[in-house]
Amino acid sequence: MSFDKIADKIDLHLIRVLNTVLTERSVSRAAIRLGMYQPAVSAALKRLRGLAGDPILVRSGAGMVPTDAGLRMIEPSASILRAAGMLFSDARGFDAATAQSTFRLAASDYLDPLFLPQLVAQIKAQAPGCPIEIHPLSAASDYRAHLAEGRVDLVIGNWAAPPDDLHLARLFDDEVVCLVANDHPAARRGWDAAMWLEAEHIAPMATHPGAKGVIDEHLAALGMTRNITVRCAHFGLMPSMVASSLLVMSTGRQYCERFAGLLPVKILPCPIAFPRMMYYQLWHERTHASNAAKWLRERVKSVAASLRK
């Protein structure tokens, strides 16, 4: 089949199905994300397979994986969708009151617990027609690939050394402190570095394979290791775990202060000096010039500034 004949058979909806099926690696998940019935997605995938002369997506164990041809289609299909989305919206500029752009961001829950609620409230107040997707930063997520593929537009989190292959803007920095229960021995008698290292610590799960986190990276550079006895993927639950145990949670002061008046916990200085925690927003070159993405980044910056007052 000639190129012109293939092009005549492809519409933007088919490209969207292609990209979503390839990135989700699941017809059922793609159907949910597209707001379609699963048989309709399966039918579209069948058409795509016929046009490509390739299965595009094949079974592998309990899941599905793209073929080599499918993998090569991910970035071009994302590029087509980005271009189509920007073709008219960015030409007109971004009008928040009437826009219907979908904002997709991935965020660390190490942030101030008020950050995401206030960001969502601000977006919904100013851009009521814009859906919002908030994805986690976890060991299972490759945020670089997700930014490049268009699965997310923005990543918000803290890094000791942010990646140099992405655009970034600093949001705020924070002092590393410790959160302990009111009846923790250190709350009465204090502690030194050795006592702190030997105490039972609670720490988050790694945000990506092999990651230590800013606390343990700094300790490793000093030739030190703390006694982590609990790892938790749900950062927001950790203060409650601290309140009813002898666990020590070490993180930013701003985060801890949100819980100091709500739980029987106390903030203590850390006996080991740490660099200040640095929080950034990161984005890919693909959204750098987008008016909608610029507007979103300004909202993130505005909320970060308001929480520091």
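Up top is the structure these notes are about.
Read on for an overview of the structure. (Residues numbered from 1 in each chain as written. Predicted model: local features only at pLDDT ≥ 70, side-chain atom pairs only at ≥ 80, totals over all residues. Heavy atoms only, no water.)

### Thoughts on the nonpolar core
Membership of the largest hydrophobic core comes to 56 residues, with the highest contact counts inside it found for F115, I156, W191, W196, M249 and F274. The element that contributes the greatest number of residues to this core is helix α13 (residues 291-307), accounting for seven residues. Residue contacts for W196: discarding those within four places in its chain leaves C178, W191, H201, L219, R226, V248, S250, C270, P271, I272 and F274. In this structure, V17, V21, L51 and I56 belong to the second largest nonpolar core, which totals 17 residues. (Core = buried A, V, L, I, M, F, W, Y, C linked by side-chain atoms within 4.5 Å. Buried < 20%, exposed > 50% of the residue type's maximum accessible area, 1.4 Å probe, protein only. Helix = DSSP H or I, 4+ residues; strand = E, 2+ residues; numbered from the N terminus. Contact = heavy atoms within 4.5 Å.)

### A word on the pattern of salt bridges
Evaluated as defined, the whole model comprises 12 salt bridges. Between D112 and R258 there is a salt bridge, with the nearest N and O atoms lying 2.7 Å from each other. Residue D112 is found in the loop between β3 (103-107) and α6 (115-126), and its partner R258 is found in helix α12 (residues 253-260); the two are separated by 146 residues along the sequence. Given the relative accessible area of 4%, D112 is considered buried. By relative accessible area, which is 28% here, R258 ends up partly exposed. For the salt bridge of E175 with R253, the shortest nitrogen-to-oxygen distance reads 2.8 Å. Here E175, found in the loop between β6 (167-174) and β7 (176-181), pairs with R253, found in helix α12; they are 78 residues apart in sequence, far enough to count as distant. What emerges from the salt-bridge pattern is a single network uniting E24, R29, R33 and R151. (Salt bridge = Lys/Arg side-chain N within 4 Å of Asp/Glu carboxyl O.)

### Overview of the sheet that holds strand β4 (residues 132-136)
Strand order in the open sheet formed by five strands is β4-β3-β5-β12-β6, and the pairing between neighbours is mixed. The open sheet terminates on both sides in strands that have one partner only, identified here as β4 and β6. Within this sheet the neighbouring strands show an average axis-to-axis angle of 20°, counted without direction. Bridge count between strand β5 (residues 154-158) and strand β12 (residues 277-283): four bridges; the pairing is antiparallel. Within the sheet, the bridge partner assigned to I156 lies in β12 and is Q281. (Pairing = 2+ DSSP bridges. Axes fitted to C-alpha atoms, helices over the stretch in contact; angles between N-to-C directions.)

That's the geometry; what it means functionally is another story.
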